[in-house]
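In case you want the letters, here they are:
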Amino acid sequence: MSEFPDWSRQLGSGIRFDWGLAGAQALGPQSAAVVVVDVLSFTTAVSVAVDAGTRVLPYRWRDGNAAEFAAEQDAELAVGRTAVSQQQPWSLSPAALRRATAPARLVLSSPNGSAISAAVTGIPVIAACLRNASAVADWIAGQGWGTERKPVAVIAAGEHWPGSGAIRPAVEDWLGAAAVIAALAERATGPLSPEASVAKASYDGIDDVRALIHNCASGRELAAIGFSDDVAIATEIETSKAVPILVDGAFTHAS
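My aim in this report is to walk through the structure given alongside it, one point at a time. (Residues numbered from 1 in each chain as written. Predicted model: local features only at pLDDT ≥ 70, side-chain atom pairs only at ≥ 80, totals over all residues. Heavy atoms only, no water.)

1. Structural notes on the overall build of the chain
So, step 1. Looking only at helices and strands, the chain features eleven helices and eleven strands.
So, step 2. The C-alpha atoms of the chain give 17 Å as radius of gyration, which agrees with the globular expectation for 255 residues (18 Å, within 12%).
So, step 3. Seen through its C-alpha atoms, the chain measures out along the principal axes to roughly 50 × 40 × 35 Å.
So, step 4. In the chain, buried positions account for 53% of the 255 residues.
So, step 5. Intrachain contacts of the chain at a sequence separation of at least 6 include 73% that bridge at least 24 residues. (Helix = DSSP H or I, 4+ residues; strand = E, 2+ residues; numbered from the N terminus. Rg over C-alpha atoms; globule rule 2.2 N^0.38 Å. Buried < 20%, exposed > 50% of the residue type's maximum accessible area, 1.4 Å probe, protein only. Contact = heavy atoms within 4.5 Å.)

2. Some points on the packing of helix α7 (residues 171-186) against helix α8 (residues 194-204)
So, step 1. Between α7 and α8, the least distance of the axes is 8 Å, while the angle of their chain directions is 100 degrees. Put simply, α7 runs roughly perpendicular to α8. In this structure, α7 uses W174, L175, A178, A179, I181, A182 and A185 to contact α8, whose residues at the interface are A196, V198, A199, K200, S202, Y203 and D204.
So, step 2. In terms of residue class, the contact of α7 with α8 is made up of eleven nonpolar, one polar and two charged. (Axes fitted to C-alpha atoms, helices over the stretch in contact; angles between N-to-C directions. Parallel < 35°, antiparallel > 145°, perpendicular 65-115°, else oblique. Nonpolar A, V, L, I, M, F, W, Y, C, P; charged D, E, K, R; others polar.)

3. Quick word on the environment of R55
So, step 1. Tracing the sequence through the fold places R55 in strand β3 (residues 55-59).
So, step 2. What makes R55 partly exposed here is its relative accessible area of 37%.
So, step 3. Counting along the chain gives 196 residues from R55 to F251, while the straight-line C-alpha distance between them is 5.5 Å.
So, step 4. R55 has contacts with A104, R105, L106, A250, F251 and T252, leaving out every residue within four places of it along the chain.

Listed below in structure tokens is the structure:
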């Protein structure tokens, strides 16, 4: 990972928060673990797949070699949301994954959460979302992480603006990350960095997280193309006990 200045690393805190691949690169090297949050939809899809017993291999977005990689890994390949078929019923859509027969291994790419997960090396990577925020916090606290000496970096993936490489801070990822941070704070981890503190305060101050995410830009985007079921699954708050951790290149439930 690239070198970043000390002021960017939120030093002195046990729970740290930032955005996107650059945020993971800035905070990861000093962290005991990186928690990636991509609510619509990579980490929600991972949670659904891992709940069903599938090992999920994150992969770079549209590099042209995904099919070859899947064959090398003896894994099925997830396709685009609108490209599912009887032969390949798996996609980034959590609803499609829930409908399909669960494969033993699945290659899943996305422009944000998957790319971040695949890029982080040398430390544990955990996939978190609104479905498993408390389970993730329980597991992290149980490892003795989330302290000044063993900090945890919570990374909201964000979205890309259509037709642009620019990152759009995404409400759903902000709230998913904030849910993890709030759950960690309840388990006496910390201290929280200023960035993490602001995220927690925002989550604590929202009465109806489900409604907000259904009506945010990303929720409306998915509904407009016929995937409102994915938003519904993403807002199944605290329904999963699975803690997907990246082991040997695949997300699997932490033991």
